[in-house]
Each structure stands twice: as C-alpha cells, then as structure tokens.
Amino acid sequence: AQSVAQPEDQVNVAEGNPLTVKCTYSVSGNPYLFWYVQYPNRGLQFLLKYITGDNLVKGSYGFEAEFNKSQTSFHLKKPSALVSDSALYFCAVPQGAYTDKLIFGTGTRLQVFP
Amino acid sequence: DAGVIQSPRHEVTEMGQEVTLRCKPISGHDYLFWYRQTMMRGLELLIYFNNNVPIDDSGMPEDRFSAKMPNASFSTLKIQPSEPRDSAVYFCASTKYTEAFFGQGTRLTVV
C-alpha cells in the first residue's frame, strides 16, 4: 500500500536559516509525491509535486523538494526561512495509479522564530 | 474560478440537532473529497466521490454521517444527530489530475 511518513511533529528554525521538513515514502511503481501547506484557519494549499524527471522540484513561495530514490525520501526545503512560513506541512502520495485519492502524512508543524 | 466554496464557515449547534455542510467544487474537477481535521486525530478522509458517484465512504465514522453529491457542482455532508465529539473543522476538496484544491473549511462546534 502507498504511504508517506513525516517523522517530525514539529520543526523549529530561526528566520533566515535554511529549513528542511522531512518525508519518506513507500510506494509500488513510480512515485508521484506532493507537498501541501496549511496556514492557520485555512484549507490545505498545493506547494509542489514530483512526477518524473529532475530530482529537485521547485514550488511556490520559494520552496523546493528533493526526490531521493535510494533513501525513499522527498524532503521539503527552503534556503532562507521566513516567519510567514510558519504553518503545517503535509506530504502526500496518490493511493494508486488511477485515482486522485491522496494519502496524507500526519503533518509537520514548522515554527520560524524571528 | 473562485475555488472550492464551503458554507457555512462556522456552525455552532446543540447536541442532537441536524447539521448540513455544503460544498461547491471547482468546475470541471472529477473528484470531490470530504475531510475532517481535529487536533487529536489530524486530517481524516471521510468520503470521496468520482463524477458524482460515492467511491469510498469507509472513513465515515458512523451512520449519523451521510454525504450526497446530486450534481457536479454541489455536495453536502450531513450529521444527524450531532454530538459534541463531532466538533472539528470539515474540509471539502476537489481535484483534477491529482492536484487537490481545498475549501476554507467549516468549523463545527457542537455544544
């Protein structure tokens, strides 16, 4: 079964420092992988996705994610964190090849301190 | 497009009352999902539809919950009777080619 895991409930980082939010995956076949962000009192918003090709995927708000097949990871990164990046981040994978149903991770709360 | 529209944004009701949450998906999207989010349980998928047909309702907590999608532009999630443990934020999302667009959610409080 397709699944993703987010090993950290919370990540704390100082503004201006690089940030990493971790995600590992377990899928059969070629993985499609997603990151979503949830700001307070809002629904989830799409950040970026990996389908195939370049292992470094660029997304919204200056975020990028690195697909690593050998480590089965898809970590979200940003070179310089902003206080406004503080939010809940979810990685996700489709349940199968012929469905739009996404399996979400448990979420990681990112706190960026001034 | 205005995105996925949910109503109401907030709902406070008394235990035992019927609650109906509404969702208008993005035009042209094939899938519609209902989620519930709480601090304790995180994000839970309740039910989803493909082309207005319910595909998987295994996440619906019990018979008090029901969902319908009478046409491609409207869906409802009904709770009858409501209980305090149903208090949560309920999200609707629609997708096309896997990318999901979420509504702003309905914050339900059952007292």
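Here's what I pulled together on the structure shown here. (Residues numbered from 1 in each chain as written. Chains lettered and ligands numbered in written order. Predicted model: local features only at pLDDT ≥ 70, side-chain atom pairs only at ≥ 80, totals over all residues. Heavy atoms only, no water.)

### Some thoughts on the pairing of strand β2 (residues 10–14) of chain A
Residues and elements named next belong to chain A.
Here is step 1 of the chain: Taking every second residue as pointing to the same face, the buried face of β2 carries V11 and V13, while none of Q10, N12 and A14 on the other face is buried.
Here is step 2 of the chain: Pairing between β2 and strand β12 (residues 108–113): five bridges, direction parallel. Bridge pairing links A14 to F113 in β12. (Buried < 20%, exposed > 50% of the residue type's maximum accessible area, 1.4 Å probe, protein only. Helix = DSSP H or I, 4+ residues; strand = E, 2+ residues; numbered from the N terminus. Pairing = 2+ DSSP bridges.)

### What about the interface of chain A and chain B?
Here is step 1 of the chain: Contact residues are listed per partner, giving 19 residues for chain A and 20 residues for chain B.
Here is step 2 of the chain: Taken over both partners, the interface formed by chain A and chain B buries close to 1,600 Å², and the fraction arising from carbon and sulfur atoms is 50%.
Here is step 3 of the chain: It is L44, D100 and K101 of chain A that lose the most area in chain A upon contact with chain B, and together they represent 36% of the buried surface on that side.
Here is step 4 of the chain: In this assembly, chain A and chain B are joined by one salt bridge.
Here is step 5 of the chain: Among the salt bridges present, the one from D56 of chain B reaches K101 of chain A, with a minimum N-O distance of 3.4 Å.
Here is step 6 of the chain: Between the two partners, chain A and chain B, sit eight residue pairs in polar contact (both at pLDDT 80 or more).
Here is step 7 of the chain: Only β5 (33–38), β6 (44–50), β10 (87–94) and β11 (102–104) of chain A provide two or more residues apiece to the side of chain A that touches chain B.
Here is step 8 of the chain: Of the residues contributing to the side of chain A that touches chain B, the split by class is ten nonpolar, five polar and four charged. (Contact = heavy atoms within 4.5 Å. Buried area = accessible area lost by both parts, 1.4 Å probe. Salt bridge = Lys/Arg side-chain N within 4 Å of Asp/Glu carboxyl O. Polar contact = N/O pair within 3.5 Å; in protein donor to acceptor, adjacent residues only side chain to side chain. Nonpolar A, V, L, I, M, F, W, Y, C, P; charged D, E, K, R; others polar.)

### Overview of the environment of T99 of chain A
Here is step 1 of the chain: With respect to the element layout, T99 of chain A can be found in the loop between β10 and β11.
Here is step 2 of the chain: It is 39 Å that separates the C-alpha atoms of T99 of chain A and E15 of chain A, two residues lying 84 residues apart in sequence.

### With respect to the sheet that holds strand β1 (residues 5–7) of chain B
Backbone-to-backbone hydrogen bonds pair the strands of a sheet. The strands run either parallel or antiparallel.
Residues and elements named next belong to chain B.
Here is step 1 of the chain: On the basis of which strands lie adjacent, the open sheet formed by four strands has the order β1-β3-β8-β7 and antiparallel pairing. Looking at strand neighbours, the two that pair on one side only are β1 and β7 (65–71), the edges of this open sheet. Each strand of the sheet is rotated relative to its neighbour by a mean of 15°, with strand direction disregarded.
Here is step 2 of the chain: The pairing of β7 with strand β8 (residues 74–79) spans five bridges and is classified as antiparallel. Residue pairing across strands places K68 opposite T76, the latter belonging to β8. (Axes fitted to C-alpha atoms, helices over the stretch in contact; angles between N-to-C directions.)

### Some details on the state of the cysteines
Residue and element names in this part refer to chain B.
Here is step 1 of the chain: Enumeration according to the criterion identifies two disulfides over all chains in this entry.
Here is step 2 of the chain: In this model C23 forms its disulfide with C92; the gap between the sulfur atoms is 1.8 Å. Taking the sign of the torsion about the S-S bond as the criterion, the disulfide between C23 and C92, at about -65°, is left-handed. On the criterion of sequence distance, the pair formed by C23 in strand β3 (residues 19–24) and C92 in strand β9 (residues 88–96) is long-range, its members being 69 residues apart. (Disulfide = S-S within 2.5 Å.)

### Notes on the pattern of salt bridges
Residue and element names in this part refer to chain B.
Here is step 1 of the chain: Taken as a whole and judged by the stated rule, the model has 13 salt bridges over all chains.
Here is step 2 of the chain: Linking E62 and R85 is a salt bridge whose minimum nitrogen-to-oxygen distance equals 3.3 Å. Separated by 23 residues along the polypeptide, E62 in the loop between β6 (53–56) and β7 and R85 in the loop between β8 and β9 bring together distant segments of the chain.
Here is step 3 of the chain: For R85, a relative accessible area of 55% translates into the label exposed.
Here is step 4 of the chain: Shared partners join several salt bridges into a network, and the residues in it are E62, R64, E83, R85 and D86.

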